[in-house]
Each structure stands twice: as C-alpha cells, then as structure tokens.
Amino acid sequence: MDIMLGTVAVDWKLVAAAVALMAGGGLLLGLIIGVVARCFRVVGDSRVDLVTELLPGANCGGCGKAGCRDFAKSVVSGENPPGKCPVSTREQVSAIALALGVEVGEIVPKKAVVRCSGNLFTSDRVAYYKGINKCSSAMLVGGGPKLCRYGCLGMGDCARKCPFGAIEIINNLAVIHEELCIGCGRCAAVCPRGVIAIVPAAAHVHVFCNSPEKGAQKRQVCRSACLGCGKCVRKDPEKFELTAGLAKVKYDAAELPDMETIEAVGCPTGALATTERHRLAAKKEAAVK
Amino acid sequence: MNKSSRDVMTFKGGIHPADSGKVLSENRPTLTAPLLERYQVLLCENVGKPPKPVVNVGDQVGKYQLIAAADGFVSANLHAPTSGKVVKIGEVPGPMGIPAPAIEIEADGEDRAAELFPPLNWETADPKELVKRIADCGLVGMGGASFPSHVKLSPPPDKKVDTLILNGAECEPFLTADHRLMLERPRDVITGARIMARILNVANINIGIEINKRDAVESLETLAEGTNVKIIPLKVRYPQGSEKHLIQAIAGREVPSGGLPADAGCVVQNVATAAACTDAVMKGLPLVERIVTVTGEIVCRPGNWKLRIGTPLLEALRLAGGVTEEPGKILFGGPMMGFAQRSLGVPIAKNTSGILLLTREEALRHRATSCIRCGRCVQGCPMHLSSCLLATAIENGRWDLAQQNHVMDCIECGSCAYVCPAHRPLVQLMRSAKMELRKRKK
C-alpha cells in the first residue's frame, strides 16, 4: 500500500460504521449507568455532610472516632454530643448543636503533658545511640540510650504524630505548646515510654517526672526528677498526692495548683512546674552550655 | 569420593563476611575459669516463662542445687553454679539493656556439690525418663535462642519428626566456642546426639559443620564411624547456622512460613546442648557452665573459657587479660546478631556463646543514605524477602504492606544491612515492624 496519504483510498462506509458503533455503544452504556444510578441510589443523610462541614476537619481522632466524618455520623445518630470534639471552639460546637437541635454536651477541654523534664543536660545517657531516629526504634536497642527507664527519649515520635504541631523537641525533650494543644491524645498513644498524659486543660501546674523509682536512684541518673520528698504534699495535701516515690497533682481536686503554689512549695529539683516553665527550662540549659 | 573435592551443602542467599576473625581464638584450648566470689544467675534467660525462685535470701545452697523451678511447660530449671549463700534476689543489669531479675549467690569457696541425679543408661532407659532428666537439668538451646530443650524434644504427636540435626555450623564470625567444644569433647557430642535421637525415635542423625572447621569434621567423623550419625560438611556462608537454613541445606526441606522445624519433620539442637545432654543423662549434672568465646582485636588474650552461668561480663574480660584500648562496643554473641551491652555487670547466661569487643573503628556507624535499589539486600536475604521494599514501606508506616510482604519471616540475621552500600539500618527497621505488628495482633 502507498504510504502517502493523498493516494490512500478511504472507505467512508467503514468509517461511518465505526463512528456509529462507538456512539451507539456509548449511548447505550450511558443509559444503563443512568438507570442504575437512579434505581440504586443510596440516600445519604444531608445532616452528616452539614456537620462535617461545621467540624474543623483536623481528623485528629481526639473524640475517639476515626475522623471528622465518622464523628459527624455519631453526632447525627445521637451517639456523641457535639461537645466531644476537642478541637472546635464553643461557638463552633453551638453552631452544630443549633443545626441539629441537640444539646451541646459537656465540654471538658484536655491537653497533653510530657511528664519528664530530663533534657540533654539534666539527665544522663548510658550509650551512644546512632540508629534510626525514632523513639520506638531506639526502644528496641537495649531500651533506649537514656539511663532513666521511664523518661522521654526525645526523638520526636509524638511531634511527628501531632496534627497541630503543638510538640517541639528542645534538647532531646518533648515540650508542649499549650496554646496549640487540644488534647486529642495521639501523642500519648504513640509514646513508647508512656510519658505523655492527657489532663484537664484547666491545670497549669504539673509534676514533670514519670519514674516510680526511689528518689536516690532517680537522683543518680537525672537532676530534674521528682525525688518524692513530699514537700508539696506536706504543704498542700489537698492538691498533691505521693505514690511510690512520685508526687502527683490531684487533677480531680476542687482547686488546682497555680504559680503561687509552686512558689510556696519550692520544689528542690524543679520537677513541679508549669508547662511554660518546663519549656523554658529546656531552652535555658541550652543557653548555659 | 575424594574428601577435598566432595560437594558441600548449603542454602540459597546469605553472605560471606570478609574476615571471620575466628583465627583469634580458634586454636586456644578451653580454659576453666577460677571460682569467683559472686555469681548472678539471671532468671529470665530462657524463652518462655521465667522460672520461679525456690530459695530465699540467706539460704545455703550447694553446687548444682535447684534454685529456680520451671514455671509451666515452656520454662527451664535453674541451678546454683557453686556452693554458697543466696545474698539477693533482685534486679541486675540484664543482657537486653533493661534490668532483669536474678538470684545472687556469694560463693563460700568450697564448691561443694549438692546431691546429683543418678546416672542413667541411655541405651536402656525409657525415653520419657530421658526427657524428664533433660528438663530436670535445665537444658536450653545453647546456640542463642535458649529455647527449653525438653520442649523441642517433645514435638506434638501430629508432627512426624524423622530427622535430628545437630548445629555445629557456628557461622557467626569471631565465635569459636562450639568449634572448641567439638574438638575437645567429640565423644560427648556424638553420645548426646544419639540420646536425643533415642528420645525422638529417629534413625537419621546429622551433624552439620561448616568446612572452615575441618579438624572438627575429621575428629567427629572418625568417632561417628559405625554409628548412625552422619557428619555433614557445610559451605562457609552466613547464616548457615540458622535453624531453617540448616534444615534446607541438610534435609533439603523448607520450614513453612510461620512454622516450626517440626513442620518439616526436623528437630535442630546445638552441639553444646548435645554435650550438656550427655552430662545430664550419664553423669546427672545440671547445666551450670558453658564455653564462652571472649574475643576481639583489642582483647589481650582472646580465647575460650569454661565459665559458670552468672559470671559477670567484667570478670570474663579480666580472664582475657583486659583490653589494649577502649572498646567501641561490647557485644554478647557474634558481630552479626549479637546484642550491645551497656553495663559491665551483665552476667552471662546459658545462651551466651561469646563476648565480642569491637574497636571504635569497627563499631563506627556510617550515615544512612537513600536506597539506590541495587538489590544486594534481596540477593543476600536467606529468607528471600525484598528487604529494600520492606524498608521503604516500614519507613512510611505502611505496616499492612510490610505484613503482605512477609516481614514476619525475617530472621534478623543482618545479611541485608551488612551488604547495603547505603548503610541503611535495615534490621532495625524490620525489628520495629515485627514489634509493631505483634503489638497490633494482640
């Protein structure tokens, strides 16, 4: 056959047949799809879409559901009150409640606390760890490089997981930026040492230590650990309790400790602090070195 | 067939570590360590449930006396390494980095033996009695995993076991403890093999030895003549001593994914376990000592020592004359699969085959770079896994992909990380995935 186009004989009948076949086939299939879409249509609840719109869309899982849409479904079905979303502000929650005509539900704002103050300079290390820079991986190598078996490993598994960027690693210690944290609990779930606790957001003073060991043992490995001296408990038994060498803030007490309490107690190691102080302490050490 | 030209068996995959370092200690006869003042016998040394202490602080114990009894079927007895007083039952630095419970015994210097079990005639004794003796004497797999031996020797009745394999491969570089044992106690190894074969009621006994231990192969071969014990020379290749690969090389069978050697009709035991089995049955001696290789370029007198269980790492190093320079890393086991230690107080256990000291240069870890997809890890993997693809999946948290690609079959031999030109921490990635998947299964 001649390659030049001009001399190729075109069978117009064949072209017309092909076009007709394709068009007809397309039309037929489109018709089938259209009919099926009509007959088997799943009627969605428009309220779910509405609530999903009103939710922040962070998909943090702080409500205990798989994501915002899943939470919206549970709100519409009445399983959860809209107030259970930890990210939404009071106004946003009220808007959802208004749209659905339900109760707002109790809102207890939460936040995360890293119960460890052993940073690069105050806590001791036992080994040079040069493996994968993840806490969960470091735990596989002899339980991690830190001498304290309960403290923060500071490789940022929690910071990588936080959907709000509320965790910063300063000198091998995770610190929380309170204003960003909404207490969804993803960091607490991922921490291999279980250092992170979820507490009521109203509390500003915490004990930044998690080790149940004896005070003398802790002192050998960390200079900012709670020694379990009981100074805080003696000063204010309403607000603190002592369990197994570790002071704890009574978060369910009527009155929570504040800055004044810290001043009055005078914790010998500084384990009793506010989140802000905790963050600044980690930074201050860096400035000294 | 000519001995030098005969075929040596092996498996597919694996690596050839360049300098095996065995020359440091393989020609030094085993020495017996002097009695120490204190021994710390770890309770959690065997796979399975840790045994329960049956002595109290302040009790006088004799050598070989039972100090902790097996708690359940998959658990092993512990015996006192010397006579003396129990001074502490508490935590000591453990071989896995975390403190582990142990019984501390202060030696009285007399080394007086408690009452031993009566010797048995293995050729006439009831196999059940033999298994009971092995359980009584606290035998565990001495190759590394320390799985209680009596459990391995009682396979479930639905699994038909027809082959017993003794593991004398010792494929880890630097270690020579099994090599010395085979040279010094060949008769006990063969007797131990025959005792185990009698228990399992199998006629097919194989002892697999890598051909870099030619003297051991020859001495065992002379003794095995006229018996049903076969000595199988194996190619020098890591990880030849892995249970699954030994079965592949010797019996030509493959252990199914997630299965046990019994699924392939085999039982594998270490040669040191076989020798300990002979002691237990014929002399009634519980397992309280083992041969440990103390080696490394920087060790003054590398060699093999018969150490009692519970000897602290520091004392073992003293026997070897100390070090010439500060070590970069101290490992329990060989360089491929050994565990780095963080304290000199860690006591040796029944499964500690070696103490290896690496120099700072040897312990140096290169910076990991991106995968260049050269596929060397895939070639080297004895389990035929695609290590590089698995690593990428794990790094991205795709546990489902890792599971689909059989990360659970990884034996953590370290071949992939050894050959990786990008120095990627492949074994650690596999381990973290295995840990994560096990956690999710619960």
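Residues numbered from 1 in each chain as written. Chains lettered and ligands numbered in written order. Predicted model: local features only at pLDDT ≥ 70, side-chain atom pairs only at ≥ 80, totals over all residues.

Concerning the overall build of chain A
Across its full length, chain A carries 11 helices and eight strands. Here chain A, with 289 residues, has 36% of them falling under the buried criterion. Within chain A, residue pairs in contact and separated by at least 24 positions form 58% of the contacts whose partners lie at least 6 positions apart. (Helix = DSSP H or I, 4+ residues; strand = E, 2+ residues; numbered from the N terminus. Buried ≥ 20, exposed ≤ 12 C-beta atoms within 10 Å, placed from the backbone. Contact = placed C-beta atoms within 7 Å.)

Details of the overall build of chain B
Across its full length, chain B holds 14 helices and 17 strands. Taking 22 Å as the expected radius of gyration for a compact globule of 442 residues, we find that chain B reaches 21 Å, a close match to that expectation. Looking at chain B as a whole, 53% of its 442 residues qualify as buried. Of the contacts made within chain B by residues no fewer than 6 positions apart, 71% connect residues no fewer than 24 positions apart. (Rg over C-alpha atoms; globule rule 2.2 N^0.38 Å.)

Concerning the domain arrangement of chain B
All names here are of chain B. Partitioning chain B into domains gives domain 1 (38-105 + 288-362), domain 2 (124-283) and domain 3 (376-441). Here domain 1 and domain 2 have C-alpha centroids that lie 23 Å from each other. Listed per partner, the contact involves 29 residues of domain 1 and 23 residues of domain 2. Those elements giving two or more residues to the side of domain 1 that touches domain 2 turn out to be strand 6 (78-79), strand 13 (289-295) and strand 17 (354-358). The element best represented in the side of domain 1 that touches domain 2 is strand 13, accounting for five residues. A breakdown of the residues in the side of domain 1 that touches domain 2 according to their chemical character gives 13 nonpolar, 13 polar and three charged. (Domains from an automatic or database assignment. Nonpolar A, V, L, I, M, F, W, Y, C, P; charged D, E, K, R; others polar.)

Details of the sheet that holds strand 4 (residues 60-61) of chain B
By definition, the strands of a sheet pair up through backbone hydrogen bonds, in either a parallel or an antiparallel sense. Residue and element names in this part refer to chain B. Ordered in space as 2-8-7-4, the four strands form an open sheet in which the pairing is antiparallel. The outermost strands of the open sheet, each flanked by one partner alone, are strand 2 (38-42) and strand 4. Bridge count for strand 2 against strand 8 (residues 100-107) is five bridges, and the pairing is antiparallel. Within strand 8, the residue paired with Arg38 across the bridge is Glu106. (Pairing = 2+ DSSP bridges.)

Remarks on the domain arrangement of chain A
Residues and elements named next belong to chain A. When its domains are assigned, chain A resolves into domain 1 (48-100) and domain 2 (110-288). For domain 1 and domain 2, the distance between their C-alpha centres works out to 31 Å. Every contact between the two is made by six residues of domain 1 and, on the other side, seven residues of domain 2. Grouping the amino acids of the side of domain 1 that touches domain 2 by side-chain chemistry returns four nonpolar, two polar and no charged.

What about the nonpolar core?
Ranked by size, the top nonpolar core spans 107 residues in total, and within it B:Ala193, B:Met196 and B:Ala316 carry the most contacts. Counting only domains with at least three residues in this core, you end up with domain 1 (38-105 + 288-362) and domain 2 (124-283) of chain B. Counting 62 residues, the second-largest nonpolar core is a separate cluster that includes A:Phe71, A:Val113, A:Ala138 and A:Leu173. (Core = buried A, V, L, I, M, F, W, Y, C linked by C-beta atoms within 7 Å.)

Focus on the confidence of the model for chain B
Residues and elements named next belong to chain B. Of all residues in chain B, 98% attain a pLDDT of 70 or more, and the chain-wide mean is 91. Within chain B, the element-level pLDDT minimum falls on helix 9 (residues 360-363), averaging 88, and the maximum on strand 14 (residues 303-308), averaging 96. Contacts from residues 1-5, a stretch scored under 50 in pLDDT, to residues over four places away or in other chains number one contact. Predicted as a complex, the structure gets a pTM of 0.82 and an ipTM equal to 0.79. (pLDDT = per-residue confidence, 0-100.)

Some thoughts on the packing of helix 3 (residues 177-184) of chain B against helix 7 (residues 271-283) of chain B
Residues and elements named next belong to chain B. At a minimum axis distance of 9 Å, the contact between helix 3 and helix 7 shows a crossing angle of 45°. Classified by the angle between their axes, helix 3 and helix 7 sit oblique to one another. Considering the relative orientation of helix 3 and helix 7, their crossing is left-handed. Here Asp178, Leu181 and Met182 of helix 3 lie close against helix 7, whose contacting residues are Val271, Ala272 and Ala275. When its residues are assigned to classes, the contact of helix 3 with helix 7 shows five nonpolar, no polar and one charged. (Axes fitted to C-alpha atoms, helices over the stretch in contact; angles between N-to-C directions. Parallel < 35°, antiparallel > 145°, perpendicular 65-115°, else oblique. Left-handed = near helix turned anticlockwise from the far one by under 90°.)

As for the interface of chain B and chain A
Contacts between the two partners involve 12 residues from chain B and, on the opposite side, 11 residues from chain A. Among the elements that make up the side of chain B that touches chain A, the one with the highest residue count is helix 14 (residues 426-441) of chain B (five residues). Of the residues in the side of chain B that touches chain A, the class split is six nonpolar, three polar and three charged.

Concerning the pairing of strand 2 (residues 167-170) of chain A
Where strand 2 of chain A meets strand 3 (residues 173-176) of chain A, four bridges bridge the pair, whose relative direction is antiparallel. Residue pairing in the sheet places A:Ile169 in a bridge with A:Ala174 of strand 3 of chain A.

Here we look at the packing of helix 1 (residues 127-136) of chain B against helix 7 of chain B
Think of two packed helices as two axes; the pair is described by the angle between the axes and how far apart they sit. Residue and element names in this part refer to chain B. Running from N to C, helix 1 and helix 7 point in directions that differ by 110°, and their axes come no closer than 9 Å. Classified by the angle their axes make, helix 1 and helix 7 are roughly perpendicular. Crossing of helix 1 against helix 7: the hand is right-handed. Taking contact as the criterion, the partners of Leu130, Arg133 and Ile134 in helix 1 are, on helix 7, Cys277, Ala280 and Val281. Considering only residue class, the contact of helix 1 with helix 7 consists of five nonpolar, no polar and one charged.

Some words on the environment of B:Lys244
Residues and elements named next belong to chain B. Among the secondary structure elements, Lys244 is positioned in helix 6 (residues 243-250). Considering only alpha carbons, one finds Lys244 and Pro261, 17 residues apart in sequence, at a separation of 7.0 Å. The contacts of Lys244, once residues within four sequence positions are left out, are Val255 and Ile411.

What to know about helix 1 (residues 12-39) of chain A
Here helix 1 of chain A contains 28 residues, and its C-alpha end-to-end distance of 40 Å stays within 8% of the 40 Å for a straight helix at 1.5 Å per residue. Judged by how many residues are buried, helix 1 of chain A sits mostly at the surface: zero of 28 residues are covered. (Expected span 1.5 Å × (residues − 1).)

Looking at the sheet that holds strand 3 (residues 52-53) of chain B
Residues and elements named next belong to chain B. Read across the sheet, three strands follow the order 3-5-6 without closing on themselves; strand pairing throughout is antiparallel. Looking along the sheet, the strands with just one partner apiece sit at the ends: strand 3 and strand 6. As paired strands, strand 3 and strand 5 (residues 66-69) are joined by two bridges and run antiparallel to one another. Within strand 5, the residue paired with Pro53 across the bridge is Ala68.

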